[in-house]
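Examining the three-dimensional arrangement
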Amino acid sequence: LKASWNPSDADWASAVGRFMLNMGTIEATTRILIGQMHNTDQVPVYSGELSERISYLRKRYPRDDLDAHSAAMNVFSVCERLAGFRNIVAHSANVSVQTEDGQMHTVGLLALTPRNRAKMAEIVSFDEVHGRAEESAKVGNALINMQGKFPSQVKTPSLPGSAGTS
């Protein structure tokens, strides 16, 4: 292994960078949605892991429009899968080959799977990273468009003498 970068790998830098920036949008948007529901960032799930926030949002998405609910559940499922892929990208080394002119060229990312004795590693291709960058942009935008869809989670205190009390 060797940390290096060549101008010929700019396509890799672009795909990885776009994917990671899109994941930042997904991370931030889950917090924005939760903050809007509670009118604060002082709820424990706000600072939780992305998977916790996705699960929290999934449980609270309104069911009154079944088609919208189904589409939202798909967005949440894709977000969870992308979060796992983000961890692979963040923790993988470049797999490079040396060309005839002596330059190193990235051909993939080495995704180690230490808990799987049958498959200790796999190489993630450029096409997969590029595809996930595209996919993460779409679901990031879908999450952004969920603003205003969740019911408020702010509890309004009841006052003595108000409806329901005597």
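Coordinates for the structure precede this section.
Now for a look at the structure at hand.

Parameters and conventions
Residues numbered from 1 in each chain as written. Predicted model: local features only at pLDDT ≥ 70, side-chain atom pairs only at ≥ 80, totals over all residues. Heavy atoms only, no water. Phe/Tyr/Trp six-rings, centres within 6.5 Å; stacked < 30°, edge-to-face > 60°. Helix = DSSP H or I, 4+ residues; strand = E, 2+ residues; numbered from the N terminus. Buried < 20%, exposed > 50% of the residue type's maximum accessible area, 1.4 Å probe, protein only. Axes fitted to C-alpha atoms, helices over the stretch in contact; angles between N-to-C directions. Parallel < 35°, antiparallel > 145°, perpendicular 65-115°, else oblique. Left-handed = near helix turned anticlockwise from the far one by under 90°. Contact = heavy atoms within 4.5 Å. Nonpolar A, V, L, I, M, F, W, Y, C, P; charged D, E, K, R; others polar. Pairing = 2+ DSSP bridges. Arc of directions from axis to C-beta.

1. Some thoughts on the packing of aromatic side chains
- Taken as a whole and assessed by the stated rule, the structure comprises 4 aromatic pairs.
- When the centroid spacing of 5.6 Å and the interplanar angle of 70° are considered together, the rings of W12 and F126 count as edge-to-face. Highlighted residues: W12 in helix 1 (residues 10-38) and F126 in helix 4 (residues 126-144), separated in sequence by 114 residues.
- According to the relative accessible area criterion, W12 is buried, its value standing at 4%.
- Given a relative accessible area of 23%, F126 falls into the partly exposed group.

2. A look at the packing of helix 3 (residues 66-90) against helix 4
- Contact geometry of helix 3 with helix 4 gives a least axis separation of 10 Å together with a crossing angle of 140°. Taken together, helix 3 and helix 4 sit at an angle that is classed as oblique. Between helix 3 and helix 4 the crossing geometry is left-handed. Seen from helix 3, the contacting residues are V75, F76, V78, C79, R81, L82 and F85; seen from helix 4, they are E128, V129, R132, E135, S136, V139, A142 and L143.
- Looking at the contact of helix 3 with helix 4, its residues break down into 10 nonpolar, 1 polar and 4 charged.

3. Some thoughts on the environment of A15
- By secondary structure assignment, the location of A15 is in helix 1.
- Of the residues examined, A15 reaches a relative accessible area of 1% and is grouped as buried.
- For the pair A15 and D127, spaced 112 residues apart in the sequence, the C-alpha separation amounts to 9.1 Å.
- Beyond its immediate chain neighbours, meaning those up to four positions away, A15 contacts F126, V129, H130 and A133.

4. As for the sheet that holds strand 3 (residues 121-124)
- Read across the open sheet, the 3 strands follow the order 1-2-3; overall the sheet is antiparallel. Only two strands of the sheet have a single partner each, and these edge strands are strand 1 (93-98) and strand 3. Each neighbouring strand pair of the sheet contributes to a mean axis angle of 40°, computed without reference to strand direction.

5. Here we look at helix 2 (residues 50-60)
- All buried positions along helix 2 are accounted for by L50, R53, I54, Y56 and L57. Buried residues of helix 2, viewed axially, fall in a sector of 160°; they line one side.
- Where helix 2 is buried, its residues touch helix 1 and helix 3.

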